[in-house]
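Coordinate inspection notes
The chain contents come next:
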Amino acid sequence: MGGIHKILHPLGNTSVLLQDIQVLSSCESIAEIVIICREQDLSEFQAVVSSADISVPVQLTVGGNTRQESVRNGFGAVSADCTYIAIHDGARPLIRKADIEKVIQEARNCGAASLGVPVKDTIKVVKHQIIAATPERATLFLTQTPQVFRRQLYADAMQLASEQGRDYTDDCQLVEALGSPVMMVTGSYDNIKLTTPEDFAVAEALLSYRQSEES
């Protein structure tokens with residue numbers, strides 16, 4: 001992002017972070033929000049949280065050196081009476097309320113679930129610039145968030161990863177390593193991840209399209 005903090009960056013008439021907070025807090029199934037950020041960003045994140053007109057409690061916690069460590073810190077800040085956790089990437093501010101509730105309900109049924117969408121393109125496995133394989137497209141999904149887990153199941157998965165010295169970049173991988181099934185729930189293609197500057201142009205266009213649909 002060329003030095004731009006994408007989570008604090010403006011989006012529409014709000015910011016990426018505020019958009020995240022507003023949609024998550026609007027869900028009946030969400031009882032609290034834990035935001036993980038860098039220590040040097042705490043004051044800026046707190047300012048955004050303070051400006052948000054929401055009814056659920058929000059707290060901030062500092063992340064770690066890896067994504068897995070950061071999620072572990074956030075997990076440790078969750079209230080003791082919480083039975084399910086929904087882990088969401090803050091760089092996906094266009095998540096739809098209906099999709100959040102849908103994936104949470106599926107996790108309640110089976111213990112673990114993730115949002116995702118079927119891939120639209122043919123995928124190639126490439127080694128040394130040579131195509132090595134073409135996976136069957138019908139079996140491929142682009143993984144999104146939230147990813148939702150029964151609390152004890154996720155705690156067991158974190159413990160196993162720690163014992164094995166494994167560091168994952170996707171939370172479903174932790175639970176998969178336990179041998180527990182994770183259900184894939186079809187979400188929306190507009191739940192994009194903001195990674196590069198052009199993604200913000202796409203996000204702005206998608207927000208405008210949504211607003212025109214709702215008006």
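That block above? That's the structure.
Along each chain, residues carry numbers from 1 onward, in the same order as the chain's sequence is written. This being a predicted model, a pLDDT of at least 70 is required before a residue's local features are given, and a value of 80 or more before pairs of side-chain atoms are given or counted; all residues contribute to the totals for chains, interfaces and linings. Note that water and hydrogens are dropped before the side-chain values are worked out from all heavy atoms of the structure.

What follows concerns the environment of Gln152. A helix here means a DSSP run of H or I that spans at least four residues, while a strand means a run of E at least two residues long, and both kinds are numbered starting from the N terminus. If you trace the backbone, Gln152 turns up in helix H5 (residues 151-164). In this structure, the C-alpha to C-alpha distance between Gln152 and Glu213, residues 61 residues apart in sequence, is 40 Å. The term polar contact refers here to a pair of N or O atoms within 3.5 Å; inside protein, the definition further demands a hydrogen-donor-capable atom paired with an acceptor-capable atom, and it admits residues adjacent in sequence only when both atoms are side-chain atoms. Separated by 2.9 Å, the side chains of Gln152 and Asp156 make a polar contact.

Turning our attention to helix H2 (residues 42-51). Each full turn of the α-helix corresponds to 3.6 residues, which orients residues three or four apart in the same direction. Relative accessible area decides the class of each residue, using a 1.4 Å probe on protein chains only: under 20% of the type maximum gives buried, over 50% gives exposed, and in between gives partly exposed. Regarding H2, the residues found buried are Phe45, Val48 and Val49. Taken down its axis, H2 places every buried residue within 100° of arc, on the same side. In H2, the exposed residues that point more than 90 degrees away from the buried face are Ser43, Ser50 and Ser51. Only heavy atoms matter for contacts: two residues are in contact if any of them lie within 4.5 Å across the pair. Where H2 is buried, its residues touch strand S2 (14-15), helix H1 (16-25), strand S3 (33-37) and strand S4 (58-62). Think of it as the arc spanned by the lines of direction from the helix axis to the C-beta atoms.

We now examine unusual backbone geometry. Thr145 connects to Pro146 through a cis peptide bond whose omega is 10°. When you line up the elements, Pro146 lands in strand S9 (residues 141-150). Despite not being glycine, His128 has its phi angle at roughly 55°, a positive value. Topologically, His128 is positioned in the loop between strand S7 (125-127) and strand S8 (130-133). According to the relative accessible area criterion, His128 is exposed, its value standing at 80%. Phi is positive for Gln129, which is not a glycine, with a value near 70°. Its location among the elements puts Gln129 in the loop between S7 and S8. A relative accessible area of 78% means that Gln129 is categorised as exposed.

When we look at a pair of aromatic rings, we describe it by the centre distance and by the angle of the planes. Paired rings are identified among Phe, Tyr and Trp, the last through its six-membered ring, by centres lying within 6.5 Å, and are further divided according to the angle between planes into stacked (under 30 degrees), edge-to-face (over 60) and tilted (the rest). Counted by the stated rule, this structure contains 2 aromatic pairs. For the ring pair Phe75 and Tyr154, a centre distance of 5.6 Å and an interplane angle of 50° mean the geometry is tilted. Note that Phe75 is positioned in helix H3 (residues 67-76) and Tyr154 in helix H5, a separation of 79 residues in sequence. Accessibility expressed as a relative area gives 12% for Phe75, which makes it buried. With relative accessibility at 1%, the residue Tyr154 sits in the buried group. Linked through ring pairs, Phe75, Phe149 and Tyr154 together constitute an aromatic cluster. Lys120 extends its terminal NZ or CZ atom over the ring of Tyr189, reaching a point 4.1 Å from the ring centre. To sit over a ring, a charge needs its Lys NZ or Arg CZ within 6 Å of the ring centre and within 35 degrees of the ring normal. Over the ring of Phe75 we find Arg151; its NZ or CZ atom is 5.4 Å from the centre of that ring.

In this section: the pairing of S9. By definition, two strands form a pair when at least two bridges between them are found by DSSP. Bridge analysis of strand S5 (residues 84-87) against S9 gives 4 bridges, and the strand direction is antiparallel. Among the inter-strand pairings, Ile87 is bridged to a residue of S9, identified as Gln147. Bridge analysis of strand S6 (residues 112-118) against S9 gives 6 bridges, and the strand direction is antiparallel. Note on S9: the bridge partner recorded for Ala112 is Phe149.

So, on to the nonpolar core. We define the nonpolar core as a collection of buried residues of types Ala, Val, Leu, Ile, Met, Phe, Trp, Tyr and Cys that are connected through side-chain atoms lying within 4.5 Å of one another. The biggest cluster of nonpolar side chains holds 36 residues, and the ones touching the most others in it are Leu17, Ile21, Ile35 and Phe45. Among the elements that line this core, the one with the most residues is H1, at 6 residues. If we skip the residues at most four places from it in the chain, Leu17 touches Ile7, Leu8, Ile35, Phe45 and Val48. Core analysis: the next-biggest nonpolar cluster, separate from the first, contains 17 residues, Phe75, Cys82, Tyr154 and Ala161 among them.

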